[in-house]
Amino acid sequence: MQADTHTVIEPAANAATDDAPVLEAAFLKALCLEAGAGDAGFVELERPALDFEREDILQVFPGARTVAALVFPLNPENMRSRVRNMSSSEFHNASEEAAEVSRKLLRRLNRLGVRGVAVPADFPMDMSRYPGKIWHVSHKIMAVQAGLGHMGINRLVIHPEFGNFVRLTSLLLDARLDAYGSPLEENPCIRCGLCTAVCPVGAISRDKPFDLMTCMTHAYRDNSVGFTDMLGALVASKDMAAFGERFNEREIASMWQSLMYKMNYRCGYCMSVCPAGKAGGMGYLGSEKQFVREVFTPLRDRKEEVYVAQGSPAEARARKNPNKNVRVVGYTRERKQ
Ligand code: B12
Ligand code: SF4
Ligand code: SF4
């Protein structure tokens, strides 16, 4: 369908109870794909599954009536590479792509009389709420509700075609649509357990909730938590040698890079090893054995620093792997490593 052959449906022709502009869902989806999204789906704001999300969404845009969930495929081989800046840069590039496409879409929709807000895929977030919930829209929930995929055991949304290799974002629109998406009947997760096995700190398990703090302590070391730790170490260290015990040269360089450029993700292995979905399936490279040898094992055995809280189950898990240099974090504690 040509995206520019349809415009707004007259509100009177629809069941809408207010004077919101009404769009055809098929038209809006075509517009999203034409603008560069890999996939798109839509959710009405009053859906009960959004009860917990609605207040924050209305804070962002009081006129919001519809959420357009957008999917931007990531290149799987960047995400699987053991040279991890390949995956960090792919994340950032996809976020920029998502922002550009969202802005383009809003300009087009504005000409049709539809207003909206483009929500960032990730950062910047609302630091006035730190250390609380600094994001206002949970893109994973929007994508699931729009029928674009389901969360797997790794808590990432797996799209049937692109696997979990997707950047997600959302547009909040004041229009209503003639039809909305609904969650897919099947979850693409094949419950292979590779994500639980590769996580260096044991943040993912089949039967327990995702351990946000454990993941954040390690994967987001070069974010605000690690930065605060670094400031604490600076204040508490009597000289450069003492500071060097807390932050080695490699760690300082990594933090510098995050501050100067964009955040360096320390991990994301649970995404790298996921073989679900069509794009993930290609990861088996013809054979599960080969996939484990070429993707899973190099990440599991990668020599690297791993960040954990003292005495935590994450510390015990990380210490079992001889390839990991376990670093106990927290500037309030005395420690030697
Ligand atoms: C906060 C956040 C994080 C946090 C928490 C992760 C999480 N599971 O929520 C941390 C810092 C740990 C994190 C890490 C990562 N993230 Co992140 N993150 C977000 C953010 C900002 C919000 C996520 C969210 O909506 N959480 C709330 C709900 C939906 O999450 P949940 O999975 O249900 O988990 C929660 C519940 O289990 C709850 N919970 C835990 N225990 C209990 C117990 C009870 C009783 C209850 C009720 C709830 C509960 O706490 C969990 C955390 O909030 C989004 C961007 C956005 N604005 O949406 C990106 C996002 C989810 N992140 C993303 C990615 C890629 C990552 C990383 C791979 C980054 C990296 N390279 O390290 C890792 C992967 C970690 C993982 N396996 O989930 C992508 C996911 C893409 C996809 N395919 O789904 C997103 C969507 C960014 C984007 N635009 O693409 N992230
Ligand atoms: S790695 Fe396996 S178990 Fe984990 S989310 Fe992907 S398919 Fe599911
Ligand atoms: S990003 Fe790393 S630390 Fe966080 S859950 Fe995934 S594998 Fe574990």
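Visitor: Describe the overall build of the chain, naming the residues involved and giving the relevant values.
Guide: For the chain, the count of helices and strands is 14 helices and 10 strands. For a compact globule of 337 residues, the expected C-alpha radius of gyration is about 20 Å, and the chain comes in at 22 Å, within 12% of that figure. Judged by the C-alpha coordinates and their principal axes, the chain covers about 70 × 50 × 35 Å. For the chain, long-range pairs separated by at least 24 residues make up 69% of all intrachain contacts whose partners lie at least 6 apart in sequence. Carbon together with sulfur atoms contributes 55% to the accessible area of the chain, which is approximately 16700 Å² in total. Counting 42 positive and 40 negative side-chain charges, the chain places the averaged centre of each group 7 Å from the other.

Visitor: So what about helix α1 (residues 25-35)? Which residues, and what values?
Guide: Those residues of α1 lying buried are Ala-25, Phe-27, Leu-28, Ala-30, Leu-31, Cys-32 and Ala-35. At its buried positions, α1 is contacted by β1 (22-23), β2 (39-44), β3 (66-73), α4 (85-111), β7 (166-173) and β8 (176-177). A positive backbone phi angle near 125° is found at Gly-36, which sits one or two residues after α1.

Visitor: Can you break down the site of ligand 2 residue by residue, with the values?
Guide: Around ligand 2, a shell composed of Gly-152, Ile-153, Asn-154, Cys-189, Ile-190, Arg-191, Cys-192, Gly-193, Cys-195, Cys-274, Pro-275 and Ala-276 is seen. Both domains that furnish three or more residues to the shell around ligand 2 are identified here as domain 1 (3-177) and domain 2 (194-328).

Visitor: Explain the packing of α1 against α4 residue by residue, including any values.
Guide: Look at α1 against α4: their axes get within 9 Å of each other, and the N-to-C directions meet at 135°. The pairing of α1 with α4 is recorded here as oblique in orientation. Read as a crossing pair, α1 and α4 show a hand that is right-handed. In this structure, α1 contributes Leu-28, Leu-31, Cys-32, Glu-34 and Ala-35 to the contact, and α4 contributes Val-101, Lys-104, Leu-105, Arg-108 and Leu-109. When grouped by side-chain class, the residues that make up the contact of α1 with α4 number seven nonpolar, no polar and three charged.

Visitor: Quick one: what's the story with the site of ligand 1, residue by residue and with numbers?
Guide: Of all residues adjacent to ligand 1, which total 29 residues, the nearest are Ala-121, Lys-140, Asn-154, Arg-155 and Val-157. With respect to ligand 1, the side chain of Arg-155 contributes an N or O atom lying 2.4 Å from an oxygen atom. Asn-164 is positioned with one of its backbone polar atoms (N or O) 3.3 Å from a nitrogen atom of ligand 1. Per element, the largest residue contribution to the shell around ligand 1 is four residues, and it comes from helix α7 (residues 212-219). Of the residues that constitute the shell around ligand 1, the class distribution is 21 nonpolar, five polar and three charged.

Visitor: Before we move on, could you go through the nonpolar core and cite the residues and values that matter?
Guide: In a soluble, globular protein the nonpolar side chains are often hidden away together inside. Membership of the largest hydrophobic core comes to 24 residues, with the highest contact counts inside it found for Leu-28 and Leu-109. Breaking this core down by element, the ones donating at least two residues are α1, β2, β3, α4 and β7. The biggest single contributor to this core is α1, with six residues. Counting 22 residues, the second-largest nonpolar core is a separate cluster that includes Ile-57, Val-137, Leu-148 and Leu-172.

Visitor: Describe the pattern of salt bridges, listing the residues and the values that go with them.
Guide: One pass over the structure, following the stated rule, counts 19 salt bridges. A salt bridge links Asp-39 to Lys-29, with the shortest nitrogen-to-oxygen separation between them at 3.3 Å. Taken together, the residues Asp-39 in strand β2 and Lys-29 in helix α1 connect sequence positions 10 residues apart.

Thresholds, definitions, all that
Residues numbered from 1 in each chain as written. Chains lettered and ligands numbered in written order. Predicted model: local features only at pLDDT ≥ 70, side-chain atom pairs only at ≥ 80, totals over all residues. Heavy atoms only, no water. Helix = DSSP H or I, 4+ residues; strand = E, 2+ residues; numbered from the N terminus. Rg over C-alpha atoms; globule rule 2.2 N^0.38 Å. Contact = heavy atoms within 4.5 Å. Areas by Shrake-Rupley, 256 points an atom, 1.4 Å probe, with all protein chains shown as cover. Lys, Arg positive; Asp, Glu negative; His and termini not counted. Charge placed at Lys NZ, Arg CZ, Asp CG, Glu CD. Buried < 20%, exposed > 50% of the residue type's maximum accessible area, 1.4 Å probe, protein only. Near = heavy atom within 4 Å. Domains from an automatic or database assignment. Axes fitted to C-alpha atoms, helices over the stretch in contact; angles between N-to-C directions. Parallel < 35°, antiparallel > 145°, perpendicular 65-115°, else oblique. Left-handed = near helix turned anticlockwise from the far one by under 90°. Nonpolar A, V, L, I, M, F, W, Y, C, P; charged D, E, K, R; others polar. Polar contact = N/O pair within 3.5 Å; in protein donor to acceptor, adjacent residues only side chain to side chain. Core = buried A, V, L, I, M, F, W, Y, C linked by side-chain atoms within 4.5 Å. Salt bridge = Lys/Arg side-chain N within 4 Å of Asp/Glu carboxyl O.

So yeah, pure geometry; function would need other evidence.
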